[in-house]
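# Residue-level structure breakdown
This is what each chain is made of:
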Amino acid sequence: MGWLTKYGTIWGAIPQTAGNVYWVSAGDTYTVEGRTYSASNDNDGLSPERALRRVDRAVDLATGSGDVVVLLPGAHTVTASIAADTANVTITGLPGGRGNYLKPRTTLACSAVDETMNVTAAGIEIAYIEFKSTTSQAAALIDVSANGDELYVHDCSFDLYTATAATTILGIDSIGAHTGMLVERCHFSCDGAFGASIDLTASLGATVDNCIFRQTAGTLASTITVGAATDQAIIKSCVFMVHGSGVVTANINGTGATIASGVLVASCTFSDLNTVPIDNFDAAECEIVECYEAGVGGTDGGVLITAIT
């Protein structure tokens, strides 16, 4: 382990686990506690002194339940989609006392025409990372397959503005009938006609909690989409903000929804600049409680949303 063992510094910030902890550097060299080291995929990655160079290499090594992959601060780039295909593995930036989830210190981008990360195993946790789209991007930043049950994404930021706008580029995309996903304290920033920040199609028991969604320019069709077989979904305590020249046609879009009372939207706030806050549900498919559409200039304190278009 060497001399880097002080609890409360770098090791103290890592989630408690009975598994292995693999460290990844964003560059060929890196500095920890004032000392400079060389990163290499020939290292074992099991100490901050012996970091690996590539995120995909660390994720491949994390084969035991409870293993943690720590991305040291900086800009990490992968040349192919990361396969999160081992159950109960955590992939995290360095929390540093929770950190600022609007702009995490660790960024992750994919230079391929593919998703940045493909979740195909249960119990994956992803935290404290800014997912940055790239000019090569043509798919979601995170895909969740039918085997990606109990995915937990928290304290992350999603860049839906660096890439050329396309509806095929989403933040988190449900591509299979997974269960129990939790997305909380995440920030999604968008500036054009991208795909949804979160697609809940076919998900069961998903929760989106305390997230911020920003549309800064351009026209976005939907912020969160609810599709066929979405059931027991909860969207709560979220802020849907539209800035300047931005337009959002429907923040929460139920086109394709099929389940009666399949979605509950609670305590959410919507900008006055969106077209419709909640749209395209049949009357029985979505329940709402204590949601408000903001008032311009604060003259009315917002309007309680009492009906779904």
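That block above? That's the structure.
In what follows, the accompanying structure is described. (Residues numbered from 1 in each chain as written. Predicted model: local features only at pLDDT ≥ 70, side-chain atom pairs only at ≥ 80, totals over all residues. Heavy atoms only, no water.)

### Here's the deal with the pairing of strand E2 (residues 29-32)
Of the two faces of E2, the one lined by Tyr30 and Val32 is fully buried and the one lined by Thr29 and Thr31 carries no buried residue. Bridge analysis of E2 against strand E3 (residues 35-38) gives four bridges, and the strand direction is antiparallel. What sits directly across from Val32, in E3, is Arg35. The antiparallel hairpin formed by E2 and E3 contains two residues in its connecting segment, where Glu33 sits at a positive phi of about 50°. (Buried < 20%, exposed > 50% of the residue type's maximum accessible area, 1.4 Å probe, protein only. Helix = DSSP H or I, 4+ residues; strand = E, 2+ residues; numbered from the N terminus. Pairing = 2+ DSSP bridges.)

### Description of the sheet that holds strand E25 (residues 263-266)
Taken together, the 10 strands give an open sheet; going across it, the order is E1-E4-E7-E10-E13-E16-E19-E22-E25-E28, and neighbouring strands pair in parallel fashion. Each end of this open sheet is capped by a strand with a single partner; those strands are strand E1 (21-24) and strand E28 (286-289). Each neighbouring strand pair of the sheet contributes to a mean axis angle of 10°, computed without reference to strand direction. In terms of strand pairing, strand E4 (residues 68-71) meets strand E7 (residues 90-93) through four bridges, oriented parallel. Each residue of the ladder has a partner; that of Val68, found in E7, is Thr90. (Axes fitted to C-alpha atoms, helices over the stretch in contact; angles between N-to-C directions.)

### Points about the sheet that holds strand E24 (residues 247-253)
Pairing within the open sheet is parallel, and its eight strands lie in the order E6-E9-E12-E15-E18-E21-E24-E27. Strands at the two margins of the open sheet, each flanked by one partner only, are strand E6 (82-84) and strand E27 (276-279). As paired elements, E6 and strand E9 (residues 117-119) share three bridges and run parallel to each other. Bridge pairing in E9 links Ala83 to Asn118.

### Some points on the nonpolar core
Counting 66 residues, the largest nonpolar core has Ile126, Phe131, Phe158 and Ile235 as its most contacted members. Considering every element that reaches this core, the biggest residue donor is helix H1 (residues 55-61), with three residues. Counting 12 residues, the second largest nonpolar core, distinct from the first, contains Ile14, Val21, Val68 and Leu72. (Core = buried A, V, L, I, M, F, W, Y, C linked by side-chain atoms within 4.5 Å.)

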